[in-house]
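# Survey of secondary and tertiary structure
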Amino acid sequence: MIKKLAITGGTHGNELTGVYLVKKWQKSPKLVERSSFITVTQLMNQQAIKEVRRYIDHDLNRSFGLSALADKTLDSYEAKLAKELNGLLGKKGGCNPNVDFIVDLHTTTSNMGLSIVVSNESVTTWRAIAYLCQMQPKLKVYRWRGDIENSFVDSIAPHGFAIEVGAVPQGVLRADLFLETEALVYHLLDFVEKENQGEILALTDELEVYEHEKLLDYPRDEQGDIVAMVHQERQGRDFTLIEQGEPLFLTLENQTITYEGDPRYTLFVNESAYYEKGFAMTLAQKVKVVIKY
Ligand SMILES: [Zn+2]
């Protein structure tokens, strides 16, 4: 039973879809109200939102690791904010969480379309995803397994995931993606309402998912500076197969660097925020995930 669900936006202050959806729902809370549970909406990184920046000191969406939350010596803006938000929407790993389900709204400069990033294994989370895929067939699911410890916003609640939509530049609203994200959130609320009321939902037995394998960095020089770009033939090709010998990067001297490896799907291709993190794209494999009852 989900008693409380949180819709969070502005975890990254320059991703405006989530910021303005939350503002919309704070003006008109009836839109996200349902009879069997409470919906809360939260603007996460308010200073970064004001400055239209991803973050002030470091990435808030990598700040919810248990050890970081427990470390009182960490006093950066986001470290303190993460502790505050964990008190409000967590606490992470606690037996009496304030919120049962978190959906965290993001955008990406990559051509990810309408997608879910999930690292939670809970049955409820995966049933919700199966329902959303049924309601929105073009929705794609990316299972993240990149970090040693999951430190995403949605990890502080027992159930949840992030919605990633793109391509949209940072600091920009795109009406089509705004509407699609909004519709997806309403489907999620409908799902929770139906589950809470014991409605038997005919969900698929298994779901096609893009399973994280590894992050691929740009070619760099000895100083760590980038010496090649994502190749023009790979640009925009998210959730698309790349095979041995296909163009991957283009050096500043116009030399093509090809992909060497087994066939994989490329995701988050040329995402602006990931230059500093040191990756040009994610490689993933397509797998089936069994949906449990
Ligand atoms: Zn984001």
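Cut-off values and rules
- For every chain, the first residue of the written sequence is number 1, and numbering continues from 1 onward in sequence order.
- Totals for whole chains, interfaces and linings use all residues, but because this is a predicted model, local features are given only for residues with pLDDT of at least 70 and pairs of side-chain atoms are given and counted only at 80 or more.
- Derived side-chain values reflect all non-hydrogen atoms in the structure, with water molecules and hydrogen atoms excluded from consideration.
- Note on method: axes are straight lines fitted to C-alpha atoms, helices fitted across the in-contact stretch only, with angles between N-to-C directions ranging 0 to 180 degrees.
- The helix count covers DSSP runs of H or I at least four residues long, the strand count covers runs of E at least two residues long, and both are numbered beginning at the N terminus.
- When an angle is under 35 degrees it counts as roughly parallel; over 145 it counts as roughly antiparallel; between 65 and 115 it counts as roughly perpendicular; any other value is oblique.
- In a left-handed crossing the near helix is turned counterclockwise from the far helix by less than a right angle, and in a right-handed crossing that turn is clockwise.
- The contact definition used throughout considers only heavy atoms, calling two residues in contact when any of these lie within 4.5 Å.
- Following DSSP output, two strands are said to pair if at least two bridges run between them.

Attention now moves to the packing of helix 5 (residues 123-135) against helix 6 (residues 175-196). Here helix 5 crosses helix 6 at 125°, and the two axes come no closer than 9 Å. Taken together, the axes of helix 5 and helix 6 lie oblique to each other. For the element pair helix 5 and helix 6, the recorded crossing hand is right-handed. Contacts between helix 5 and helix 6 involve Thr124, Arg127, Ala128, Tyr131, Leu132 and Met135 from the former and Leu184, His187, Leu188, Asp190, Phe191, Lys194 and Glu195 from the latter.

Take the sheet that holds strand 2 (residues 38-43) next. Strand order in this open sheet of 10 strands is 2-1-3-6-4-5-7-13-12-9, and the pairing throughout is mixed. The open sheet has two edge strands, strand 2 and strand 9 (240-242), and neither has a second partner. Here the strands of the sheet are splayed against their neighbours by 35° on average, with no regard to which way each runs. Two strands pair when backbone bridges link them, and strand 5 (residues 140-143) and strand 7 (residues 206-216) are joined in this way by 2 bridges, in the parallel orientation. Looking across to strand 7, one finds that Tyr142 is bridged to Tyr210. In this fold helix 5 packs onto strand 3 (101-107), strand 4 (113-118), strand 5, strand 6 (159-166), strand 7 and strand 13 (281-290), with an angle of close to 35° to the strand it touches most, strand 6. Against the sheet, helix 6 engages strand 1 (4-9), strand 2, strand 3, strand 4 and strand 6, with an angle of about 160° to strand 6.

Looking now at the sheet that holds strand 10 (residues 247-251). The 3 strands lie next to each other as 8-10-11, forming an open sheet whose pairing is antiparallel. Strand pairing shows two members of the sheet lacking a second neighbour, strand 8 (228-230) and strand 11 (256-258), which therefore form its edges. Averaged over all pairs of adjacent strands, the angle between strand axes in this sheet comes to 35°, irrespective of strand direction. In this sheet, strand 10 lies alongside strand 8 in antiparallel orientation, the contact comprising 3 bridges. Across the sheet, Ala228 pairs through a bridge with Thr251, a residue of strand 10.

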